[in-house]
Amino acid sequence: MLGVIRARTWLRYSEPLLQPWKVGFSSLSAIDGRKHHLLNLQEIETVLTDVKADDVKVIPVPKHCDWADFMVLATGRSTWHVKNIAQALIYKAKQKQRGVERMMLPSVEGQAGGKWIVIDSGKVIVHALDEKARAYYNLEGLWTPGGIQNEHDEDLQKALVKVRRKNNSKKPAQKNA
Amino acid sequence: MAAIFASRCSRVGRSLFGGLSNSSPGLFTTLHEMTCKNMFSQQQRTFIQMRTVLKVVDNSGAKKVMCIQALKGKKGARLGDTIIASVKEAHPNGKVKKGKVVYGVVVRAAMQKGRCDGSEVKFDDNAVVLVDKQGQPIGTRVFGPVPHELRQKKHVKILTLAGHIA
């Protein structure tokens, strides 16, 4: 019992540098440690231009969300094109890490579907969507400042519009002389 | 076990406070009630298993779902795991209807989960975001706080749609 308490207090008050068990558990710490291996913003934009992705938009993430710095939105013309965008980014990451002992690839999510693929390369997250998915999820409206506020304002205006109720009664309208 | 503990407490109370004064039994009952409340009325923080009712925190149209299968682990699902659920309550004009069997990702769980820095994260409620078989979210927005552990579980789409990341 005393040993457990002693170990806990040591973990609590010891310096973060003296805790090697932390390294490797978190994907973020591993990514930050080898940031130069993964893709940066310029390389991602170059790749997206090469594969002819439509409507590429770079959105800086607000400061309160510390899990990423930039979000890149790109539209593919078809399912095949969206998958091709993801494959091109992975290929670029492999080319950049040629000769490294332990290759570190960006995590890819949604490659089976092909409607919305997310490539997580550390501090830059790339969203490759087809046209319908981009219109449906409306990520620009969510992440641009004031986008959600505008949506709420529209909903409020719709709620305040006076709608005349239909007259569903079977009786004929009575004329009051 | 609970009944045994309560009966033992009451016996000890009678033997100790039996002949002291008129106010002492009242004092003991309040203490006894407080201990029982603290012990037995607290929510049990366990795994999400079959017949667990969860809150839906996206705009897919469902309000409450009931877990019918946890897709990982023997005991049940935890934070970030995928479950199969049946819709129990739904909005009339939503994308999913009552009785439909759906997939869901647990984004908030009452059971604590350890983080790599030694701290633990736990929430007041159990909440899910409905997804399809490919993992695409059915709704377009996620309400409330969402932990960043979902990034390690490869649910970056849910993190993207969420408003607040804990």
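So, here is what we can say about the structure in this document. (Residues numbered from 1 in each chain as written. Chains lettered and ligands numbered in written order. Predicted model: local features only at pLDDT ≥ 70, side-chain atom pairs only at ≥ 80, totals over all residues. Heavy atoms only, no water.)

## Observations regarding the overall build of chain A
Part 1: Looking only at helices and strands, chain A has 7 helices and 5 strands in total.
Part 2: Along chain A, helices and strands appear, N-terminal first, in the series α-α-α-β-β-α-β-β-β-α-α-α.
Part 3: Taking all 177 residues of chain A together, the buried fraction comes to 36%.
Part 4: When the accessible surface of chain A is totalled, it reaches about 12,500 Å², and 56% of it is carbon and sulfur. (Helix = DSSP H or I, 4+ residues; strand = E, 2+ residues; numbered from the N terminus. Buried < 20%, exposed > 50% of the residue type's maximum accessible area, 1.4 Å probe, protein only. Areas by Shrake-Rupley, 256 points an atom, 1.4 Å probe, with all protein chains shown as cover.)

## A word on the overall build of chain B
Part 1: Check the secondary structure of chain B and you find 3 helices and 9 strands.
Part 2: Every one of the 166 residues in chain B was classed for burial, and the buried ones make up 42%.
Part 3: Put simply, of all contacts in chain B between residues at least 6 apart along the chain, 48% involve residues at least 24 apart.
Part 4: Summed over all atoms, the accessible surface of chain B reaches about 9,400 Å², with 55% contributed by carbon and sulfur. (Contact = heavy atoms within 4.5 Å.)

## With respect to the side chain of aspartate 120 of chain A
Part 1: Summarising the element assignment, aspartate 120 of chain A is placed in strand E4 (residues 116-121).
Part 2: The exposure class of aspartate 120 of chain A is buried, given its relative accessible area of 6%.
Part 3: Polar contacts involving the side chain of aspartate 120 of chain A include one to the side chain of arginine 151 of chain B, which spans 2.7 Å.
Part 4: Contacts of aspartate 120 of chain A, omitting those with residues within four sequence positions, involve Pro106, Ser107 and Ile125 of chain A together with Arg151 and Val156 of chain B. (Polar contact = N/O pair within 3.5 Å; in protein donor to acceptor, adjacent residues only side chain to side chain.)

## Details of unusual backbone geometry
Part 1: Of note in this structure, asparagine 138 of chain A is not a glycine but carries a positive phi near 50°.
Part 2: One can find asparagine 138 of chain A in the loop between helix H5 (131-137) and helix H6 (139-143).
Part 3: Since its relative accessible area comes to 30%, asparagine 138 of chain A is described here as partly exposed.
Part 4: Although it is not a glycine, arginine 51 of chain B sits at a positive phi angle of roughly 75°.
Part 5: With respect to the helices, strands and loops of the structure, arginine 51 of chain B is situated in the loop between helix H2 (23-40) and strand E1 (53-56).
Part 6: Take arginine 51 of chain B: its relative accessible area is 62%, and that puts it in the exposed class.

## Remarks on the interface of chain B and chain A
Part 1: Across the contact, 23 residues belong to chain B and 29 residues belong to chain A.
Part 2: For the pair chain B and chain A, the summed buried surface comes to about 2,300 Å²; carbon and sulfur atoms form 59% of the total.
Part 3: Among the residues of chain B in contact with chain A, Arg141, Arg151 and Thr160 of chain B are the three that bury the most area, contributing 29% of the side total.
Part 4: Counting the contacts that link chain B with chain A gives 1 salt bridge.
Part 5: Between aspartate 120 of chain A and arginine 151 of chain B there is a salt bridge, and its shortest N-O distance comes to 2.7 Å.
Part 6: Here chain B is connected to chain A by 8 residue pairs in polar contact (both at pLDDT 80 or more).
Part 7: At the level of elements, helix H3 (156-161) and strand E9 (162-165) of chain B are the ones that each hand at least two residues to the side of chain B that touches chain A.
Part 8: Looking at the side of chain B that touches chain A residue by residue, the classes come out as 8 nonpolar, 9 polar and 6 charged. (Buried area = accessible area lost by both parts, 1.4 Å probe. Salt bridge = Lys/Arg side-chain N within 4 Å of Asp/Glu carboxyl O. Nonpolar A, V, L, I, M, F, W, Y, C, P; charged D, E, K, R; others polar.)

## Re the pairing of E4 of chain A
Residues and elements named next belong to chain A.
Part 1: Summarising burial for E4: 6 of the 6 residues are buried, a large majority.
Part 2: Of the two faces of E4, the one lined by Trp116, Val118 and Asp120 and the one lined by Ile117, Ile119 and Ser121 are each fully buried.
Part 3: Inspection of the sheet shows strand E3 (residues 107-109) paired to E4 by 3 bridges, in the antiparallel sense. If you follow glutamate 109 over to E4, its bridge partner there is valine 118.
Part 4: What sits between the antiparallel neighbours E3 and E4 is a turn of 6 residues, in which glycine 110 has the positive phi angle 90°.
Part 5: Inspection of the sheet shows E4 paired to strand E5 (residues 124-130) by 6 bridges, in the antiparallel sense. In the strand pairing of E5, tryptophan 116 is matched with leucine 129.
Part 6: The hairpin turn running from E4 into E5, its antiparallel successor, is 2 residues long, and glycine 122 in that turn takes a positive phi close to 85°. (Pairing = 2+ DSSP bridges.)

## Quick notes on the pattern of salt bridges
Part 1: Considering all chains together, one arrives at 8 salt bridges over all chains under this definition.
Part 2: Between lysine 96 of chain A and glutamate 43 of chain A there is a salt bridge; the shortest N-O distance is 3.2 Å. Remark: glutamate 43 of chain A occurs in helix H3 (residues 41-50) and lysine 96 of chain A occurs in helix H4 (residues 79-96); sequence separation between them is 53 residues.
Part 3: Residue lysine 96 of chain A is classed as partly exposed on the basis of its relative accessible area, which comes to 31%.
Part 4: Here the residues in one salt-bridge network are Lys55, Arg108 and Asp125 of chain B, joined through shared partners.

## Structural notes on the packing of aromatic side chains
Residue and element names in this part refer to chain A.
Part 1: Scanning the model with the defined rule gives 2 aromatic pairs over all chains in all.
Part 2: Pairing tryptophan 116 with tyrosine 137 gives two aromatic rings, centres 4.6 Å apart and planes at 45°, and the pair type is tilted. Note that tryptophan 116 is positioned in strand E4 and tyrosine 137 in helix H5, a separation of 21 residues in sequence.
Part 3: Under the relative-accessibility criterion, tyrosine 137 is labelled buried at 6%.
Part 4: When the centroid spacing of 4.9 Å and the interplanar angle of 75° are considered together, the rings of tyrosine 136 and tyrosine 137 count as edge-to-face.
Part 5: A relative accessible area of 35% places tyrosine 136 in the partly exposed class.
Part 6: In this structure an aromatic cluster arises from ring pairing among Trp116, Tyr136 and Tyr137. (Phe/Tyr/Trp six-rings, centres within 6.5 Å; stacked < 30°, edge-to-face > 60°.)

Take it as geometry only, folks, not as evidence of what the structure does.
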